[in-house]
Amino acid sequence: MASCFVNELGLDWRYGALYFEYLLIDYDVGCNWGNWQYLAGVGADQRQKRHFNLQKQAEIYDPDNRYTNRWLGECQ
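Below is a summary of the structure that appears in this document. Not measured: the values here are computed from a predicted model.

**Looking at a nonpolar patch on the surface**
Part 1 of the reasoning: Judged by side-chain polarity, Met1, Tyr19, Tyr22 and Leu23 come together as a nonpolar surface patch covering roughly 510 Å² of accessible area.
Part 2 of the reasoning: Mapping Leu23 onto the fold places it in helix 2 (residues 13-23).
Part 3 of the reasoning: Taking the relative accessible area as the measure of exposure, Leu23 reaches 44% and is therefore partly exposed.

Shown next as structure tokens:
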């Protein structure tokens, strides 16, 4: 979600961090804000454009497309 929020939609990572702060019941300031900063390429490690490669993850964890087919069905 964070990768899409920051990289695809071009939204400010701080809005995502604030939203998660509001939603998460196991909220931890350091983990939440640190992970959003890391993904956005700000803070201590400023590499830009960290994209979550959905295709690669699907090939590794859903090689038979069972999960994808269950939730997307004919929408693919």
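And the narrative resumes.
**Points about helix 2**
Part 1 of the reasoning: Among all positions of helix 2, only Trp13, Gly16 and Ala17 are buried. Along helix 2, the residues classed as buried sweep out an arc of 100 degrees about the axis, all on the same side. Exposed residues pointing more than 90 degrees away from the buried face of helix 2 are listed as Tyr15 and Tyr22.
Part 2 of the reasoning: Turning to helix 2, the residues buried within the fold contact helix 1 (2-8) and helix 3 (29-40).

How each quantity is defined
- Residues numbered from 1 in each chain as written.
- Predicted model: local features only at pLDDT ≥ 70, side-chain atom pairs only at ≥ 80, totals over all residues.
- Heavy atoms only, no water.
- Patch = residues over 30% accessible without salt bridge, like charges linked within 9 Å, V, L, I, M, F, W, Y side chains within 5 Å.
- Areas by Shrake-Rupley, 256 points an atom, 1.4 Å probe, with all protein chains shown as cover.
- Salt bridge = Lys/Arg side-chain N within 4 Å of Asp/Glu carboxyl O.
- Helix = DSSP H or I, 4+ residues; strand = E, 2+ residues; numbered from the N terminus.
- Buried < 20%, exposed > 50% of the residue type's maximum accessible area, 1.4 Å probe, protein only.
- Arc of directions from axis to C-beta.
- Contact = heavy atoms within 4.5 Å.

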